[in-house]
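Notes for the structure review
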Amino acid sequence: MGHVNDPEVIERLMETPGRWAVVGLSQNQWRSAYSVAEFIRDELGQQIIPVNPRGEDVHGERGYARLADIPAELHPIDVVDCFVNSQRVGDVIDQAIAVGAKAVWLQLGVIDEEAAERAKAAGLDVVMNACPAQENWRRARSR
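Just so we're clear, the structure is a prediction, and the values are computed from it rather than from any experiment.

Turning our attention to the overall build of the protein chain. Looking only at helices and strands, one finds five helices and five strands in the protein chain. The linear arrangement of helices and strands in the protein chain, starting from the amino end, is α-β-α-β-β-α-β-α-β-α. Against the compact-globule benchmark of 15 Å for 143 residues, the protein chain has a radius of gyration of 14 Å, which places it among compact chains. Its C-alpha atoms put the protein chain at 35 × 30 × 30 Å along the principal axes. Split into buried and exposed, the 143 residues of the protein chain put 48% on the buried side.

What follows concerns the sheet that holds strand β4 (residues 103–106). Spatially, the five strands line up as an open sheet ordered β2-β1-β3-β4-β5, and their pairing is parallel. In this open sheet, the two strands that pair with only one neighbour each are β2 (47–51) and β5 (125–127). Averaged over all neighbouring strand pairs, the angle between strand axes comes to 20 degrees, with direction disregarded. Pairing of strand β1 (residues 19–23) with strand β3 (residues 79–82), which is carried by four bridges, proceeds in the parallel orientation. Bridge pairing in β3 places Val22 opposite Asp81. Most of the contacts of helix α1 (residues 7–15) go to β5, to which it runs at about 100 degrees, and overall it touches β1, β3, β4 and β5.

Turning to the pattern of salt bridges, a few remarks are in order. Between side chains of opposite charge, a pair can form when the charged atoms approach closely. Evaluation of the coordinates by the stated rule reveals nine salt bridges. Residues Arg54 and Glu56 are paired through a salt bridge, measuring 3.6 Å at the closest nitrogen-oxygen approach. Taking the relative accessible area as the measure of exposure, Arg54 reaches 63% and is therefore exposed. Asp57 is paired through a salt bridge with Arg62; the nearest N and O atoms lie 3.8 Å apart. Several salt bridges converge on common partners, so that one network encompasses Arg41, Asp42 and Glu61.

A complete count under the given rule lists zero disulfides for this structure. We note that Cys82 lacks a disulfide partner, and the nearest cysteine sulfur, in Cys131, lies 13 Å from it.

Scanning all chains against the criterion turns up one aromatic pair. Seen in terms of ring centroids, Trp20 and Trp105 are 5.6 Å apart; in terms of plane orientation they differ by 40 degrees. Their pairing is tilted. Here Trp20 is found in strand β1, whereas its partner Trp105 is found in strand β4, with 85 residues between them in sequence. On the accessibility criterion, Trp20 (0% relative accessible area) is buried.

Now for helix α3 (residues 86–98). Taking 1.5 Å as the rise per residue, α3 with 13 residues should run 18 Å; its terminal C-alpha atoms sit 19 Å apart, in good agreement. Next to the buried residues of α3 lie β1, β3, β4 and α4 (113–121). Here α3 starts with a cap whose side-chain oxygen sits 3.1 Å from the backbone nitrogen of Gln87, and that cap is Asn85. Backbone geometry just downstream of α3 places Gly100 in the positive-phi region, at approximately 80 degrees.

Within the secondary structure layout, Val79 lies in strand β3. What makes Val79 buried here is its relative accessible area of 1%. With sequence-adjacent residues up to four places away left out, Val79 is seen in contact with Leu13, Arg19, Trp20, Ala21, Ala103 and Trp105.

Conventions we followed
- Residues numbered from 1 in each chain as written.
- Predicted model: local features only at pLDDT ≥ 70, side-chain atom pairs only at ≥ 80, totals over all residues.
- Heavy atoms only, no water.
- Helix = DSSP H or I, 4+ residues; strand = E, 2+ residues; numbered from the N terminus.
- Rg over C-alpha atoms; globule rule 2.2 N^0.38 Å.
- Buried < 20%, exposed > 50% of the residue type's maximum accessible area, 1.4 Å probe, protein only.
- Pairing = 2+ DSSP bridges.
- Axes fitted to C-alpha atoms, helices over the stretch in contact; angles between N-to-C directions.
- Contact = heavy atoms within 4.5 Å.
- Salt bridge = Lys/Arg side-chain N within 4 Å of Asp/Glu carboxyl O.
- Disulfide = S-S within 2.5 Å.
- Phe/Tyr/Trp six-rings, centres within 6.5 Å; stacked < 30°, edge-to-face > 60°.
- Expected span 1.5 Å × (residues − 1).
- Polar contact = N/O pair within 3.5 Å; in protein donor to acceptor, adjacent residues only side chain to side chain.

Below is the structure:
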């Protein structure tokens, strides 16, 4: 059948303060990662860690080229937020498992059922094909 997002997991990840490594977050303001990461930090109160191939700093936060480059003092990583395409997200999920992340969040349109199963088997929470900003709007409307 495929992965189905658990609303309780979404709620817990969004409300529990933590560290979100945002993979695919760069200085490119035209990409959705830029504004969504700002929302995660400023509206949800999460710490963000930019992860992009050049290791660029974004929103005044120190950036890293890979999840493995994030220093130990910034662990544990609570959520690895994936702004990469579906063909590349499996590798990011494998990296998230390797660094001991607690959850992976695959953004809208990012779908990899096999990688999601690997993450679940490793004990990670999984949210797939969803955006925290949209989920927040949905939560606000239902209250």
